[in-house]
Amino acid sequence: MEKTILVTGGAGFIGSHVVRRFARNYPGYMIVNLDKLTYAGNLDNLRDVENLPNYRFEKGDITNAAFMEDLFDRHRFDAVIHLAAESHVDRSITGPMEFISTNIIGTVNLLNAAKSRWTAGSPDSLFFHISTDEVYGSLGSGGLFTEKTAYDPRSPYSASKASSDHMVRAWHHTYKLPVVISNCSNNYGPNQFPEKLIPLAIHNIQTNKEIPVYGKGENIRDWLYVEDHAAAIDLIFHKGKTGETYNIGGNNEWKNIDLIRLLCGIMDKKLGRPEGASEKLITFVRDRAGHDLRYAIDNSKVSSELGWKPSVSFREGLEKTADWYLENEKWVSAVICGNYLEYYNEQYNNR
Ligand code: NAD
Ligand code: DAU
């Protein structure tokens, strides 16, 4: 094998697309997927690659330092692509401690394990930390987040991710650990857990349930198809400069309410419903606490230096995503089990 890469959180939404891409496109790389399999981790996301000779799964928790040290000893990783995290803002508001533990302590455990094994001279070693645009805070109606925008996280989730970014940079500056960071905007696509806006709305439309829109639906997000994010990660992993940060976004800003209306139209056609039928399910509910107004990414560094740009239009991406959820009802019904219903009721009843 040319190199052995640890992908953390590979059973989750983005992680599974990254594992698939790397395992299929680079048969000379051994891909080790380390995942705790929380409610968001699902090995069904990887059925099509689980038998490849260059793929291994390890169940474990990044907050367990001794386990991580042992894992590094057993596999002698050349590189890490770190995606494992608690990722849902609403859950961070009701239960922040899990976010502090996994996103901060878990990241530091990985940094320590890598640092003690990779000498300054290891030419191929790289710690690639996958982060979010939410670390930059919230924009007003104008402006874009660049790599130089000051950090201003405002939710327990984004504060925990910002903290992990700072730790990664500290290990680079202090211990010379070779690192790279990417900060990406909102992803959507197949395999996303139906707590996030787009898959939740698809499921509710299909099952004729209310579509909960927070506040007035005026918050804006910059949406990117998940495979375009995986392609950017591939490019940065191979061509990015050590010590640098790359922002990744879709150049695709949508107000939540406009997005939901677009999705309703797409779903009406797919489900054979009269035009406008699904829009009747839209229900405005109490806003998220501290709800960031707008995120939008300036992509110019990753596009001018590395030649990346999004390839999937929003309409095409939403069509593909809706088709995937409609064709994978078994996947959906398996994740919408008791715990999900409990979460859903707590989150949305009496809202
Ligand atoms: P996800 O919630 O779908 O998946 C997270 C994965 O991490 C799951 O498989 C889970 O089991 C695993 N995990 C959680 N805690 C763990 C622990 N203690 N030890 C080991 N594994 C653990 O998340 P996602 O949406 O795929 O996001 C992946 C990464 O990308 C996160 O770091 C997130 O902050 C970042 N990100 C996400 C988005 C987005 O729009 N979803 C955008 C930008 C950045
Ligand atoms: O920007 C990148 C971030 O995008 C990632 O770092 C996070 O991991 C990811 O979860 C996502 O965060 P958001 O909070 O933007 O995503 P979410 O899908 O939860 O919400 C998108 C928008 O829709 C947001 O303005 C809140 C709103 N919303 C969300 C839900 C779940 C609703 O109006 N109703 C809902 O039921």
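All values derive from a computational prediction rather than experimental measurement. (Residues numbered from 1 in each chain as written. Chains lettered and ligands numbered in written order. Predicted model: local features only at pLDDT ≥ 70, side-chain atom pairs only at ≥ 80, totals over all residues. Heavy atoms only, no water.)

## Brief notes about the site of ligand 2
Part 1: Around ligand 2, a shell composed of 24 residues is seen, among which T132, D133, Y157, R288 and Y348 lie nearest.
Part 2: Separating an oxygen atom of ligand 2 from a backbone N or O atom of L197 is a distance of 2.8 Å.
Part 3: R288 has a polar side-chain atom sitting 2.6 Å from an oxygen atom of ligand 2.
Part 4: Here ligand 2, which alone exposes 690 Å², has 95% of that area covered by the protein.
Part 5: Sorting the residues of the shell around ligand 2 by element identifies α3 (89-94) and β8 (211-214) as the ones contributing at least two each.
Part 6: Taken together, the residues that form the shell around ligand 2 break down as 9 nonpolar, 8 polar and 7 charged.
Part 7: Mapped onto the domain boundaries, the shell around ligand 2 takes at least three residues apiece from domain 1 (3-188 + 224-248) and domain 2 (197-220 + 253-289 + 313-344). (Near = heavy atom within 4 Å. Polar contact = N/O pair within 3.5 Å; in protein donor to acceptor, adjacent residues only side chain to side chain. Areas by Shrake-Rupley, 256 points an atom, 1.4 Å probe, with all protein chains shown as cover. Helix = DSSP H or I, 4+ residues; strand = E, 2+ residues; numbered from the N terminus. Nonpolar A, V, L, I, M, F, W, Y, C, P; charged D, E, K, R; others polar. Domains from an automatic or database assignment.)

## Considerations on the sheet that holds strand β7 (residues 186-188)
Part 1: Pairing is mixed in the open sheet, where 3 strands are placed in the order β7-β9-β11. Two strands lie at the open edges of the sheet, namely β7 and β11 (253-255), each paired on one side alone. Here the strands of the sheet are splayed against their neighbours by 50° on average, with no regard to which way each runs.
Part 2: Inspection of the sheet shows β7 paired to strand β9 (residues 220-225) by 3 bridges, in the parallel sense. Looking at β9, one finds that N186 is bridged to W223.
Part 3: Where helix α8 (residues 256-271) meets the sheet, its contacts fall on β9 and β11, and the angle it forms with β11 comes to roughly 90°. (Pairing = 2+ DSSP bridges. Axes fitted to C-alpha atoms, helices over the stretch in contact; angles between N-to-C directions. Contact = heavy atoms within 4.5 Å.)

## Here's the deal with the site of ligand 1
Part 1: Near ligand 1, the surroundings consist of 28 residues, among which I14, D35, S87, Y157 and K161 are the closest.
Part 2: One of the backbone nitrogen or oxygen atoms of G12 is found 3.0 Å away from an oxygen atom of ligand 1.
Part 3: Relative to its unbound accessible area of 830 Å², ligand 1 is 96% covered by the protein chains.
Part 4: Among the secondary structure elements, those contributing two or more residues to the shell around ligand 1 are α1 (13-25), β5 (126-132), α5 (156-175) and β7.
Part 5: Here the shell around ligand 1 gets 3 residues from one element, more than from any other, and that element is β5.
Part 6: Classifying every residue of the shell around ligand 1 by side-chain character gives 12 nonpolar, 12 polar and 4 charged.

## Quick notes on the nonpolar core
Part 1: Formed by 37 residues in total, the largest nonpolar core has its most connected members in I198, I211, I260, L263, F314 and L318.
Part 2: Counting residues per element, the ones that place at least two in this core are α6 (197-206), β8, β9, α8, β12 (282-285), α10 (314-327), α11 (329-335) and α12 (338-348).
Part 3: If one sorts the elements of this core by residue count, α8 sits on top with 8 residues.
Part 4: Among all residues touching I211, those that are not within four sequence positions of it are A201, N204, I205, I260, C264, S278, L281, I282 and T283.
Part 5: If you look at the next biggest cluster of nonpolar residues, it comprises 34 residues, including A23, L83, F237 and L306. (Core = buried A, V, L, I, M, F, W, Y, C linked by side-chain atoms within 4.5 Å. Buried < 20%, exposed > 50% of the residue type's maximum accessible area, 1.4 Å probe, protein only.)

## A few points about the packing of aromatic side chains
Part 1: For the structure shown, the criterion picks out 22 aromatic pairs.
Part 2: Relative to F77, the ring of F72 has its centre 5.0 Å away and its plane inclined at 85°; by these criteria the two rings are edge-to-face.
Part 3: What makes F72 buried here is its relative accessible area of 1%.
Part 4: Aromatic ring contacts, followed pair by pair, group Y39, F193, Y214, Y340, Y343, Y344 and Y348 into a single cluster.
Part 5: For the cation-ring pair, R91 lies above Y39, with the distance from its terminal atom to the ring centre recorded as 3.7 Å. (Phe/Tyr/Trp six-rings, centres within 6.5 Å; stacked < 30°, edge-to-face > 60°. Lys NZ or Arg CZ within 6 Å of the ring centre and 35° of its normal.)

## Some points on the pairing of β5
Part 1: Of all 7 residues that make up β5, 7 are buried, and the element is covered over most of its length.
Part 2: Judged by which residues are buried, β5 turns out to be covered on both faces: L126, F128, I130 and T132 on one side and F127, H129 and S131 on the other are all buried.
Part 3: Strand direction decides the pairing type here: β5 and strand β6 (residues 179-184), joined by 6 bridges, are parallel. What sits directly across from T132, in β6, is C184.
Part 4: Regarding topology, α5 serves as the crossover connection from β5 to the parallel β6, and that connection is right-handed. (Right-handed = clockwise from strand over helix to strand, strands pointing away.)

## Details of unusual backbone geometry
What is expected of a backbone is that most residues other than glycine have negative phi and most peptide bonds are trans.
Part 1: The backbone of N191 shows a phi angle near 75°, a positive value even though the residue is not glycine.
Part 2: Note that N191 resides in the loop between β7 and α6.
Part 3: With relative accessibility at 8%, the residue N191 sits in the buried group.
Part 4: In this model, N350 sits at a positive phi of 60°, which is unusual for a non-glycine residue.
Part 5: Along the chain, the position of N350 falls in the segment after α12.
Part 6: The exposed category is assigned to N350, whose relative accessible area is 79%.

As far as function goes, none of this settles anything; it's purely spatial.
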